[in-house]
Amino acid sequence: MKFPRNFKFSHQVWLMLLLFAGAVGGTLLRLALMRLAQTPGHADSAFYYTVAKNIVAGRGLVLDYVFNYLDGLPPIPHYSSDFWHPLASYLLAIPMKVLGVSVFNATLSSLAAGILIAVVAFYAGRAYGQSIEFGILTALLTYFAPAQIYMSTTTDANIFFGLFGVLALYFTMRAFEKPGYFLLAGVFTGLSHLTRQDGLLLLATVLASILIARLPFKHRIRLGAAVVLIHALVLSPLLFKNYTIFGAPFPSGPSRTMYLTAYEDFYAYGKTFSLKTYYGELGLRGIYKDKLDAAHDNLALTISFLNRVVAIALVISLLDWILLRRDRKKLQQLSPALFYSLIVYFFYALIASYSRGSTIKSLGSLLPFFYIIILDFAFARLKRRWLIYPLLVAACIYLGYSGYQRMVTSHTHYNQVYAQLRAVQQVISSDAERRNVPPGQIVVMSRDPWEFYEATGLTAVMIPNNDLETILQVAGHYRVQYMILPAPRADLHKIYNQKVEDPRLQHIKTLDQAVDLKIFRLNLETPTP
């Protein structure tokens, strides 16, 4: 690593010590959090971990539970990529194949992805700031970002999407000087799409960047076509697999979710979702309010994702950068990140407005570029440059502590949730044994089939967001014997509160914890009351 000649020796030493301390400290912090996690945690993380275990076991992309009915009543087991994409699970499976199946071993892939994002942040910062110093400071801030700490210590897909996304944006940024990099960006938009569906938004970003590149029109057309082709080729294994399963390159269910008017309808069975039903339920005024609410919620989530202090610093830095300094070259360098920010925000505000939480899942790719903007402001406006270093150290400590505390809270919470679900399993297994039901034939309905299956190993299906008769019809199809409540289903509230009795749902046990879990045995052959 060569430093500019005007760097003093002491400056080099302090910079290297800062980099070493940050790399070691940030990694040890993550390892401590990974050891605290006894479970994969939240539904999304549990899903990718479950599929990864099935890959390691040689079963491939299969699930032994059902969490949506967008394409009817899937069999058990069934193809796991009917909604979420598979690459994250394959990446989680790699260390488990070598070291053994465990949450800690799976998360080693997430840890590695987080480190690689910091490495790409270094190169992006160096390219923008034209110095190794700027690159190192960008990498450190990125590595200690609370969202980075969170994503790199779970088995969710977000950290892998963030890695492929930041690579796509970095090569797009470099492509304004060397257009061949647009083709590399296409490789990583394809990999990001194999990880999450938002890879299409990254592809749109690369194509928008090609449009503003200072190239002959025909050259831009050829580059755009080549990027789309490369993206499609990278995605082609999934497209082929989907075609063999669904007879189409993509399952039809996910695209219809843009017409949801209530989030829980994602779990409904037999409901029709279309522009006609969307307009019929909400009307123009309702649609306008829905989009406005989504825009507000997405902004609030983005601020929370970044951390309030970082969000304020980013806004000040952006205003200074755009209104006062107006550096065209730097604006072009960061235009891919700005394009992507706008595309993601308005996509989840105006199109997929039902999915409020998905906005932040796509922002991990932008973290290095957000910190580049903040650092650029500090380098331009701080007269005493040495102040940047104590401020950066303080920022890393503050951000790292925030991320650490958030994950301690999350892991502690889910350790307790899974312990409670295992207590539910004991009750169900004892009851089933008394009734001579083999463990392999136990099927349970729950609002949280991801966590329930991962905690208990019992076959689980989602409680559909329908009326009671439809719920029991689905239960009959899957031969469900038990139901776990509460669940946000109108017809089940009175049964859960035991204000109404239905002989088809017999209450057998209540586990009094933070949330009272009530276990019901289903007697579907009992006549309707």
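For the structure given in this document, a descriptive report is provided here. (Residues numbered from 1 in each chain as written. Predicted model: local features only at pLDDT ≥ 70, side-chain atom pairs only at ≥ 80, totals over all residues. Heavy atoms only, no water.)

Remarks on the overall build of the protein chain
Line of reasoning, step 1. When its secondary structure is counted, the protein chain shows 20 helices and eight strands.
Line of reasoning, step 2. Radius of gyration (C-alpha) of the protein chain: 25 Å, near the 24 Å computed for a compact globule of 529 residues.
Line of reasoning, step 3. Structurally, the protein chain occupies a C-alpha span of about 85 × 50 × 45 Å along its principal axes.
Line of reasoning, step 4. By the burial criterion, 53% of the 529 residues in the protein chain qualify as buried.
Line of reasoning, step 5. Sequence-distant contacts in the protein chain: of pairs separated by 6 or more residues, those separated by 24 or more amount to 71%.
Line of reasoning, step 6. Roughly 24,200 Å² of accessible area belongs to the protein chain as shown, and the carbon and sulfur atoms make up 62% of that amount.
Line of reasoning, step 7. Charge centroids of the protein chain, computed over 48 positive and 30 negative side chains, lie 14 Å from each other. (Helix = DSSP H or I, 4+ residues; strand = E, 2+ residues; numbered from the N terminus. Rg over C-alpha atoms; globule rule 2.2 N^0.38 Å. Buried < 20%, exposed > 50% of the residue type's maximum accessible area, 1.4 Å probe, protein only. Contact = heavy atoms within 4.5 Å. Areas by Shrake-Rupley, 256 points an atom, 1.4 Å probe, with all protein chains shown as cover. Lys, Arg positive; Asp, Glu negative; His and termini not counted. Charge placed at Lys NZ, Arg CZ, Asp CG, Glu CD.)

Quick look at the sheet that holds strand S2 (residues 65-66)
Line of reasoning, step 1. Judged by pairing direction, the sheet is mixed, and its six strands sit side by side in the order S2-S5-S4-S6-S8-S7 without closing on themselves. Across the chains shown, the open sheet's two edge strands, defined by having one partner strand only, are S2 and strand S7 (505-511).
Line of reasoning, step 2. Bridge count for S7 against strand S8 (residues 517-522) is six bridges, and the pairing is antiparallel. When the bridges of S8 are listed, Gln 506 appears paired with Arg 521. (Pairing = 2+ DSSP bridges.)

Regarding the packing of aromatic side chains
Line of reasoning, step 1. Enumeration over the complete set of coordinates arrives at 26 aromatic pairs.
Line of reasoning, step 2. Relative to Trp 84, the ring of Phe 83 lies with its centre 6.2 Å away and its plane at 70°, an arrangement referred to as edge-to-face. Each member of the pair, Phe 83 together with Trp 84, is buried.
Line of reasoning, step 3. Ring centres 6.1 Å apart and planes at 85° place the aromatic pair Phe 176 and Phe 182 in the edge-to-face group. (Phe/Tyr/Trp six-rings, centres within 6.5 Å; stacked < 30°, edge-to-face > 60°.)

Points about the side chain of Ser 192
Line of reasoning, step 1. Structurally, Ser 192 is set in helix H8 (residues 181-195).
Line of reasoning, step 2. Those residues in contact with Ser 192 that sit more than four places away from it in its chain are Phe 161, Phe 164, Gly 199 and Leu 202.

Some remarks on helix H9 (residues 199-212)
Line of reasoning, step 1. The terminal C-alpha atoms of H9 lie 21 Å apart, and with 14 residues this matches the ideal 20 Å at 1.5 Å per residue to within 8%.
Line of reasoning, step 2. Those residues of H9 that fall on the buried side of the exposure criterion are Gly 199, Leu 201, Leu 202, Leu 203, Thr 205, Val 206, Ser 209 and Ile 210.
Line of reasoning, step 3. For H9, the elements touching its buried residues are helix H7 (158-175), H8, helix H10 (217-246) and helix H14 (328-351). (Expected span 1.5 Å × (residues − 1).)

As for the pattern of salt bridges
Line of reasoning, step 1. In this structure the tally under the stated criterion is 17 salt bridges.
Line of reasoning, step 2. A salt bridge links Arg 447 to Asp 448; the shortest N-O distance between them is 3.9 Å.
Line of reasoning, step 3. A salt bridge links Asp 502 to Arg 504; the nearest nitrogen and oxygen atoms lie 3.0 Å apart.
Line of reasoning, step 4. What you see here is one network of salt bridges that share partners, running through Glu 264, Arg 447, Asp 448 and Arg 489. (Salt bridge = Lys/Arg side-chain N within 4 Å of Asp/Glu carboxyl O.)

Regarding the pairing of strand S5 (residues 459-462)
Line of reasoning, step 1. Residues Thr 459 and Val 461 line one face of S5 and the alternating positions Ala 460 and Met 462 line the opposite face, and both faces are buried.
Line of reasoning, step 2. Both S2 and S5 contribute to a ladder of two bridges, which runs parallel. Among the inter-strand pairings, Val 66 is bridged to a residue of S5, identified as Val 461.
Line of reasoning, step 3. Taken together, strand S4 (residues 443-446), helix H18 (residues 449-456) and S5 form a β-α-β motif whose crossover is right-handed. (Right-handed = clockwise from strand over helix to strand, strands pointing away.)

Thoughts on the nonpolar core
Line of reasoning, step 1. Core analysis: the biggest nonpolar cluster contains 163 residues, and Ile 428 and Trp 450 have the highest contact counts within it.
Line of reasoning, step 2. Among all residues touching Ile 428, those that are not within four sequence positions of it are Ile 442, Val 444, Phe 452, Leu 458, Tyr 482, Ile 484 and Ile 519. (Core = buried A, V, L, I, M, F, W, Y, C linked by side-chain atoms within 4.5 Å.)

Re the environment of Leu 203
Line of reasoning, step 1. Structurally, the position occupied by Leu 203 is in helix H9.
Line of reasoning, step 2. With relative accessibility at 9%, the residue Leu 203 sits in the buried group.
Line of reasoning, step 3. Residues Leu 203 and Gly 165 lie 38 residues apart in sequence; the distance between their C-alpha atoms is 9.8 Å.
Line of reasoning, step 4. Every residue in contact with Leu 203, bar those within four places of it in the chain, is listed here: Thr 189, Val 227 and His 231.

Some points on a nonpolar patch on the surface
Line of reasoning, step 1. Taken together, the side chains of Val 315, Leu 319, Ile 322, Leu 323 and Leu 324 present a nonpolar region at the surface, about 490 Å² in accessible area.
Line of reasoning, step 2. Relative to the helices and strands, Leu 319 is located in helix H13 (residues 308-325).
Line of reasoning, step 3. With a relative accessible area of 47%, Leu 319 lands in the partly exposed category. (Patch = residues over 30% accessible without salt bridge, like charges linked within 9 Å, V, L, I, M, F, W, Y side chains within 5 Å.)

Remember that the coordinates give geometry; whether it matters functionally is a separate question.
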